[in-house]
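# Working through the structure, step by step
Chain by chain, the residues run as shown.
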Amino acid sequence: MRSSPGFNMFLFLSLAFALQSLGSGQIMQTIFDDYYDSTATTQCLVEPGSLMYGGGVILNPEFIHGTSAWTVFGQGATELRISHTNNRFMVARNRKRPSDSFSQKVQLEKGMFYAFSAWVQVGQGSETVAVVFRTRDGEFVRGGSVVAKQGCWSLLKGGIAANSSSPADVLFESKNISTEIWVDNVALQPFSKKQWRNHQEESIEKVRKSTVRFQITSVNERGLGVGGANVLIKQTKPGFPFGCGMNFHILESSGYQNWFASRFRYTTFTNAMKWYSTEAKQGQENYTIADAMLKFAHDNNISIRGHNVFWDNQKYQPDWVKTLAPDDLRKAAEKRINSVVSRYAGELIAWDVVNENMHFSFFEDNLGENASSMYYSTAYKLDPTPRMFLNEYNTIEYSGDEKASPGNYKKRLQEIFSYPGNEDIPAGIGVQGHFGTGQPNLAYMRSSLDILATTGVPIWLTEVSVDPGANQAQYLEDVLREAYSHPGVEGIIMFAGPMYAGFNSTALADMNFNNTLAGDVVDKLIQEWRSEDLEARTDEGGFFSTTLLHGEYEITITDPISNSSSISRFEVTRDSFRKIYHFHI
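My aim in this report is to walk through the structure given alongside it, one point at a time.

Thresholds applied
- Residues numbered from 1 in each chain as written.
- Predicted model: local features only at pLDDT ≥ 70, side-chain atom pairs only at ≥ 80, totals over all residues.
- Heavy atoms only, no water.
- Phe/Tyr/Trp six-rings, centres within 6.5 Å; stacked < 30°, edge-to-face > 60°.
- Helix = DSSP H or I, 4+ residues; strand = E, 2+ residues; numbered from the N terminus.
- Buried < 20%, exposed > 50% of the residue type's maximum accessible area, 1.4 Å probe, protein only.
- Pairing = 2+ DSSP bridges.
- Axes fitted to C-alpha atoms, helices over the stretch in contact; angles between N-to-C directions.
- Contact = heavy atoms within 4.5 Å.

With that out of the way, let us pick up the packing of aromatic side chains. Think of a pair of aromatic rings as described by two things: how far the centres are apart, and how the planes are tilted against each other in angle. Overall, the coordinates contain 43 aromatic pairs when judged by the stated rule. Taking 6.4 Å as the distance between ring centres and 50 degrees as the angle between the ring planes, the aromatic pair formed by Trp153 and Trp182 counts as tilted. Of this pair, Trp153 sits in the loop between strand S7 (140-149) and strand S8 (154-161) while Trp182 sits in strand S10 (residues 181-191), and the two are 29 residues apart along the sequence. Residue Trp153 shares its accessibility class with Trp182, and that shared class is buried. Ring plane angle 55 degrees and centroid distance 4.8 Å describe the contact between Phe310 and Phe363, whose orientation is recorded as tilted. Of this pair, Phe310 sits in strand S15 (residues 303-311) while Phe363 sits in helix H8 (residues 362-367); the two residues are 53 residues apart in sequence, bridging distant segments of the chain.

Written as structure tokens, this is what we have:
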């Protein structure tokens, strides 16, 4: 809804002054809805989508009052335009530099997360438009980007984590200075860490748990409910896959084996299945290590993600592959994919088919632009059991990497899986999640997951790690909680482990397999994300209700009269909400 033309400008400017005088924490507590808006779309709309958070701390976010509260940034010019539907929006034109646009100054508060959104388009063609925060010291920090098009509006969603309290300019950027940048419905909403955590917990209650009902009936009394029956429920396997990378050291150390098997039921072999590991010399395949690791995993009921069939980075090809002529490379690659996928057919839950396909293009450069698409087709034909993943870095952890932005990720996903014959392949979105020593930008991470989730394709964090630093354990916990709480995420694998096995960057245990602080965090979350044993007693009709984390369970029912017991098994999933489980004694 647009405000009436008779809006008093004096009142507007007074409100603007009052908002700037308040701290952002006061603003979000007193005026704006502080609930995170998970709205996301990658559709390009004829009219801009709705404004989020009432604009948050952005003044005049819909440009109803012209250019009030906005200033020209850099060179070039800005102007207000009105569409044929009477919608007002801002335009940056005659730009001389990528950052020439318009801006508004906001006050960032240390430790706060700021969720950003705006609707953008460009004056011609199709160009990447980013939101940028210019800090007090002159640093330009990207908060997210979108590929905008001429003739329709795209949602630019992102965010920033404030590492200090300081003013900042919010502006827009496009590398193609010949294009106009059009913007409408700009929002920047601050959240405290407590509010952020509260939203995580609310989301977990909705997406990781289900309220279910049980009825215990008597076989001998025509299905009558058994009142007063004692029930014990134990979770036997969590429903959310949470695992850890594994390397060849697992084969030589019982300590490593015990450490791993006592914690994790999902893994990825860090290197053992890669081409350079299984065929270091042409024609001499050796799967000894990978086979032994697979046996250990299966013996301990550990599911495996296959990593990887190919790696598109030239640096990580076997040395002999780098010098092959195109025809010889095609033959070698065909032999490789047939060998590794056929060997482990039916043994894996996923394959990273062409690793880091958005940053690198070794196979495309040598074999044609559809090389990766064809390898996904081949892998699926050889083994239709696993989900076939793209696997990329910087999509959720670093907003400055345009190549791997969520929008570009979705575009690449569509290119591969819309290739003729690939439409029915079960696709997966793999985002690695390698975080540095600074505070993770959870606002950008969440917005990126929101955008990726619009595909409807399962998202896994595939290689989570956090660089060493004073706050490593806390930052690791922040990232893991953020991923676990997001409804689009269906699994997490960390590339971490004991120092004994060479995991020195994100070490979970020392040389003697004693926990580091990061290891304590992981053990805490493993326990937290499992249901505790539950004891209950049925009512007169033989019923009782409870809320359980998703997963597999064992239920022991004890007859109140005979004191005899029976054991059954059941599973709770997202589809179990308000389901009634019937058991007989």
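Turning our attention to the sheet that holds strand S5 (residues 113-122). On the basis of which strands lie adjacent, the open sheet formed by five strands has the order S2-S3-S10-S5-S8 and antiparallel pairing. The outermost strands of the open sheet, each flanked by one partner alone, are strand S2 (77-82) and S8. Looking at each pair of strands side by side, their axes are set apart by 35 degrees on average, direction ignored. In the packing of helix H3 (residues 193-207) onto the sheet, the strands contacted are S5 and S10, and the crossing angle to S10 comes to about 95 degrees. Running over the sheet, helix H11 (residues 442-453) touches S5 and S8 and is turned about 155 degrees from S8.

Moving on to the environment of Thr42. One can find Thr42 in the loop between helix H2 (24-30) and strand S1 (71-73). Separated by 410 residues in sequence, Thr42 and Leu452 have C-alpha atoms that sit 9.0 Å apart.

Next up on the list: unusual backbone geometry. In this chain, His307 is followed by Asn308 through a cis amide linkage whose omega measures -10 degrees. If you trace the backbone, Asn308 turns up in strand S15. One non-glycine residue, Asn86, adopts positive backbone phi at about 70 degrees. One can find Asn86 in the loop between S2 and strand S3 (88-93).

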